[in-house]
Each structure stands twice: as C-alpha cells, then as structure tokens.
Amino acid sequence: MASEISPKAEISSKAKIGDNCKIFPFVYIEDDVEIGDGCILFPFVSIMNGTRMGARNKVHQGSVIGALPQDFEFRGEKSECIIGDGNVIRENVVINRATHSGGQTVIGNENVLMEGAHISHDTKVGNRCVFGYGTKIAGDCEIEDGVIFSSSVIENAKTRVGRGSMIQAGTTFSKDVPPYIICTKHAEYGGVNMQVARAHGVDEKMLKHIANAYRLVFHGKTALFDAVNQIEEQVPDGPFIRHIIEFLRSSTTGIITKI
C-alpha cells in the first residue's frame, strides 16, 4: 500500500520511504534517510541524515532522530543512527547519530522511549527496553535487552547496563549495572530484579543461583576479580550465570556498589 504523506511535510526527494507509512504535516526528512514500511511520523518530527529506520516505528511530536552528536570530537563526519522495528518514540525524544565516520548509534526492536528521553552518540540499545520520562543516556553506552529505566535517570558515558535490570527513578550512575538486578537511586545494588528475570525465562531455582552469585559480588569482602572466581567455583553453571560472569569480567568502569 502506498504511503500517506502530507503535502505539508518537507521530505527530500533523495530520502527512501517505505510502503504503508503515514507522515503528518510539518515532518522534516533530510537526504540520507531510509524509513521502513508501516512507520508513523507525527507532526514536527525531524529525521536527519544518517538515519536508517526499520518497520512499524511510531515517532511522536517534536522528536529528532539522527541529530548531530553533542560531542566535542565531532568534525562533521558521516555516520549513522540505526533504528530497528516496532519502537515507540514519544514526544521530544532526541537520538544522536555517531561521532566518527563508520560509527553507529543503534536502537534495537520494540523499545519504548518516553517523553524527553535522550540517547547520545554511539550508544547501543538492545530490544524491549523502556526509557522513562526525561531519562538521559550519555555517549558510548551499552544497554542490553529488557532494561527498564524509571524517570529522570542519568547514565554517564561508556557505562553498561546488563539484561533485565531496572534503574530506579532519579538515579545517576557512572559504573556498570550487572544483569538482572535493581539499581537504587543512590546507584547501589538493591537485590535481584525477580519479576523481570522471570519474564526472561529464569526459573525459581536459577533465581536462587543468581542471588547467590550477587551475594558473593556485593556482600563478600573480596575484590570483583576474586568474587567472579568464587561464582565459578560455588554457583552451579548455566547460561544466565555465564552471562553474569562474562559481563562482570568485561567491565572496564567497575560496577555499582553494595548498599
């Protein structure tokens, strides 16, 4: 089905628009843009150069996708902002493209970005994440699948959040948040995120193993390196435990602290 495009939208003739899209008045789309099938762009949305958007995305009023990176190292190089399928991007969201040539900011599939959220340059977001009102993600961050950010969270640059974790409202953090945990507003460990972990297929037995692993990390009196070795020695193996071990071992910023 042909797309429904308002004559009041300003769209470059070089942009590629898929089928069955609906583009409202006063949408602005630059030259080097690709929009997949079935997308809805509400009034006053701006889609900037370097954006590659998949199918069935809804972008609400005032959002800017592929905005120039807010990075002092940016020198006008060509880069990309990759948006997957089925995302809901609410009002006044800003997503920056990458800083350097060949770089990418990536948003996966079926994420929800609530009003005023900001995803900065070169950040990689997985699938089915929720970004609450006014949440700000700095550059070069990595966010795995199923992460929930409550409102007004600030994630500082080059940090990571593991799969299935939740960040409480008003939190500012500068270290990695491991998988399947709750990060409190003081950027401290608040226990295993049981409800989301279950939604990711973690059974009750494995939940106990995950809790034991984090007991060694956050309540032991050893360095992180030694705690990870203890997990390998003391906690039964499984894909969730291996993921936690790999996440902890690959941390370059360190992880949030215990309460």
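Up top is the structure.
Along every chain, residues carry numbers that run from 1 in the direction the sequence is written. Reporting in this predicted model follows two pLDDT cut-offs: at least 70 for local features of residues, and 80 or more for side-chain atom pairs to be given and counted; totals over whole chains, interfaces and linings ignore these cut-offs and use all residues. As a rule here, side-chain values cover all heavy atoms of the structure and leave hydrogens and water aside.

1. Things to note about the sheet that holds strand 2 (residues 10–11)
Moving on, step 1. Pairing between strands is defined by DSSP: at least two bridges between the two strands are required. Strands are runs of DSSP state E lasting at least 2 residues, helices are runs of H or I lasting at least 4, and numbering of each runs from the N terminus. Taken in spatial order, the nine strands make up an open sheet running 2-5-8-11-14-17-20-23-26, and their pairing is parallel. On the outer flanks of this sheet lie strand 2 and strand 26 (172–173), each paired with one strand and no other.
Moving on, step 2. Summarising the sheet, strand 23 (residues 154–155) and strand 26 pair through two bridges and their orientation is parallel. Bridge pairing links I154 to T172 in strand 26.

2. Some remarks on the nonpolar core
Moving on, step 1. Each nonpolar core is a collection of buried residues, namely Ala, Val, Leu, Ile, Met, Phe, Trp, Tyr and Cys, held together in the definition by side-chain atoms within 4.5 Å. For every residue, the accessible area obtained with a 1.4 Å probe (protein chains only) is divided by the maximum for its type, and the residue is called buried under 20%, exposed over 50%, and partly exposed between those limits. Grouped together as the largest cluster of nonpolar side chains are 64 residues, with contacts concentrated most on I95, F131, F149 and I210.
Moving on, step 2. Elements supplying a minimum of two residues to this core: strand 6 (33–35), strand 12 (80–83), strand 27 (181–183), strand 28 (188–192), helix 2 (204–218), helix 3 (224–234) and helix 4 (239–249).
Moving on, step 3. Sorting elements by how many residues they give to this core places helix 2 first, with eight residues.
Moving on, step 4. Note on contacts: a residue pair qualifies if any of its non-hydrogen atoms lie within 4.5 Å across the two residues. Setting aside residues no more than four positions away along its own chain, F131 makes contact with V112, L113, M114, A117, I119, V125, I137, I143 and F149.

3. Details of the sheet that holds strand 21 (residues 142–143)
Moving on, step 1. On the basis of which strands lie adjacent, the open sheet formed by eight strands has the order 3-6-9-12-15-18-21-24 and parallel pairing. Pairing within the sheet leaves two strands with one partner each, and these edge strands are strand 3 (16–17) and strand 24 (160–161).
Moving on, step 2. Here strand 18 (residues 124–125) pairs with strand 21 via two bridges, running parallel. Across the sheet, the residue bridging to K124 is E142, located in strand 21.

4. Quick look at the packing of aromatic side chains
Given two aromatic rings, one states the distance between the centres and the angle between the planes to describe the pair.
Moving on, step 1. Pairing of aromatic rings covers Phe, Tyr and the six-membered ring of Trp, with a centre-to-centre limit of 6.5 Å; geometry is then stacked below 30 degrees between planes, edge-to-face above 60, and tilted otherwise. The tally for this structure, following the rule as stated, stands at seven aromatic pairs.
Moving on, step 2. Geometrically, the ring pair formed by Y189 and F218 is stacked, given 4.1 Å between the ring centres and 5° between the ring planes. Of this pair, Y189 sits in strand 28 while F218 sits in helix 2, and the two are 29 residues apart along the sequence. There is no split in this pair, since Y189 and F218 are both buried.
Moving on, step 3. Taking the centre distance of 5.8 Å and the plane angle of 40° together, the rings of Y214 and F218 count as tilted. Highlighted residues: Y214 and F218, both in helix 2, separated by four residues, approximately one helical turn. Neither Y214 nor F218 differs from the other in exposure class; each is buried.
Moving on, step 4. Site record: aromatic cluster; members linked through ring pairs are Y189, Y214 and F218.

5. Describing the pattern of salt bridges
Moving on, step 1. Each reported salt bridge corresponds to a side-chain nitrogen of Lys or Arg within 4 Å of a carboxyl oxygen of Asp or Glu. Overall, the coordinates contain eight salt bridges when judged by the stated rule.
Moving on, step 2. Notably, a salt bridge pairs E80 with R52, separated by 3.5 Å at the nearest N-O pair. Here the residue E80 occupies a position in strand 12, and R52 occupies one in strand 9 (residues 51–53), the gap between them amounting to 28 residues.
Moving on, step 3. With relative accessibility at 23%, the residue E80 sits in the partly exposed group.

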